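# What the coordinates show
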Amino acid sequence: MEDREEEETRRNYWTLYLVIITVTMIAGYFLSALHLYKPGDKIGYNMGLVGGLMMLTLLFYPIRKRIHFMRNWGLLPKWFKWHMIFGILGPALIVFHSTFYIGSINAGVAAACMLLVSGSGIFGRFFYTKIHYGLYGREASLKQLETGLDGVGDVKAIFAFAPKIHEKLTAFRTRSVNSGLEKNLNLWNFLTIGIRVKFLKITLTYRMKRAMYAEARKHRKDKELRERIDEIFWENKEFLDSYLESVQAVSQFSTYERLFSLWHVFHVPLVYMLVFSAIWHVISVHMY
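On a predicted model such as this, the values are computed, not experimentally measured, just so you know. (Residues numbered from 1 in each chain as written. Predicted model: local features only at pLDDT ≥ 70, side-chain atom pairs only at ≥ 80, totals over all residues. Heavy atoms only, no water.)

### Considerations on the confidence of the model for the protein
Caution is warranted with low-pLDDT regions, since their predicted coordinates should not be read in detail. Put simply, the test is: Confidence scores per residue from the predictor, reported as pLDDT, run from 0 to 100. Here a strand is any run of E in DSSP of at least two residues, a helix any run of H or I of at least four, and the numbering for each starts at the N terminus.
Residues of the protein with pLDDT of at least 70 account for 83%, and the chain-wide mean is 78. Across the protein, the secondary-structure element scoring lowest on mean pLDDT is helix α6 (residues 142-150), at 62, and the one scoring highest is helix α2 (residues 42-57), at 87.

This is the structure in structure tokens:
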């Protein structure tokens, strides 16, 4: 529970950060018409310098992971957090440096590479969170996720009063997990399982409510049961939702792993293109 609350807090902070950056960029776009500064003057130049240095620091995160003697240089999750923050803030400062205007082919190539790297990084962050325990946690594995699914609770015991609900959940779990284990991407299961989970939440909740209140009517003399029936219903509803979401996470895990690998194939060459184009841009600006 604490891990979930902590992760929710981090997600809220990240959302707030993106909202602030987005609002600032929109405001900056309209203010650029006032020509308060130029890319080459002190303000514009320093914004470009700071943004460029932030982009340069992004290289330290993959280096920190791969070079042995750097592995004790602070916690990797904190490196990743700043990697994400600078990956958004750096490009934002460079866009402000350019006054939202591209004045040369060289600057256009550098800007395109920068935006592609930054945009693909946002996609990569999404895939990353799906194969890790929390945004900054250790990497998950399918076996660990399945163990966690078993730890959600005893489905058969909880829904003993409604065997059909237990049968539905068992069939859904078996079909979904087996689909997730297939070697191909299995995009159909990946894209539709969320819809099926929502549908099951609605239909099984309705069935559960009918079964529980029917059971309560059979035990009218049990005053304690009648007083706690609503509380028991919401407890079972929370379990049902948690179980279905856990099945979805297990089913989609392998696809997210493959998508994350494909993302790496796309992202890494873009980083090299960005470094080359940024260096060429800096050289050409100072030479000419």
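The discussion continues.
### Topic: the pattern of salt bridges
Selection criterion: Here a salt bridge means any side-chain nitrogen of Lys or Arg lying within 4 Å of a carboxyl oxygen belonging to Asp or Glu. In this scheme, a residue with accessible area under 20% of its type's maximum is buried, one over 50% is exposed, and one in between is partly exposed, where area comes from a 1.4 Å probe on protein chains only.
Inspection of the entire model under this criterion finds two salt bridges. Close ionic contact of E245 with K201 constitutes a salt bridge, the shortest N to O distance being 2.7 Å. Highlighted residues: E245 in helix α10 (residues 223-287) and K201 in helix α9 (residues 187-218), separated in sequence by 44 residues. For the salt bridge of K237 with D241, the shortest nitrogen-to-oxygen distance reads 2.7 Å. Here K237 pairs with D241, and both are found in helix α10, just four residues apart, close to one helical turn. In this pair, the class of K237 matches that of D241, namely buried.

### Quick word on the packing of aromatic side chains
The relation between two aromatic rings is expressed through the spacing of the ring centres and the mutual angle of the planes. Under the convention used in this document: Aromatic rings from Phe, Tyr and Trp, taking only the six-membered ring of Trp, are treated as a pair when their centres fall within 6.5 Å; an angle between ring planes under 30 degrees marks them as stacked, one over 60 as edge-to-face, and anything in between as tilted. Comment: the charge-over-ring label is applied if NZ (Lys) or CZ (Arg) is within 6 Å of the ring centre and within 35 degrees of the ring normal.
Throughout the structure, instances matching the rule amount to eight aromatic pairs. Between the aromatic rings of Y29 and F100, the centroid separation amounts to 5.8 Å while the plane-to-plane angle is 75 degrees, which identifies the pairing as edge-to-face. Residue Y29 is found in helix α1 (residues 2-31), and its partner F100 is found in the loop between α4 (76-97) and α5 (105-130); the two are separated by 71 residues along the sequence. Residue classification places Y29 among the partly exposed residues on the basis of a relative accessible area of 47%. Its relative accessible area of 25% is what places F100 among the partly exposed residues. Considering the side-chain rings of F233 and W234, the 5.1 Å spacing of their centres and the 70 degrees angle between planes classify their relative orientation as edge-to-face. Among the residues examined, W234 registers a relative accessible area of 56% and is labelled exposed. Linked through ring pairs, Y29, F30, F96 and F100 together constitute an aromatic cluster. Residue placement shows K209 over the ring face of F233; its charged tip is 5.8 Å from the ring centre.

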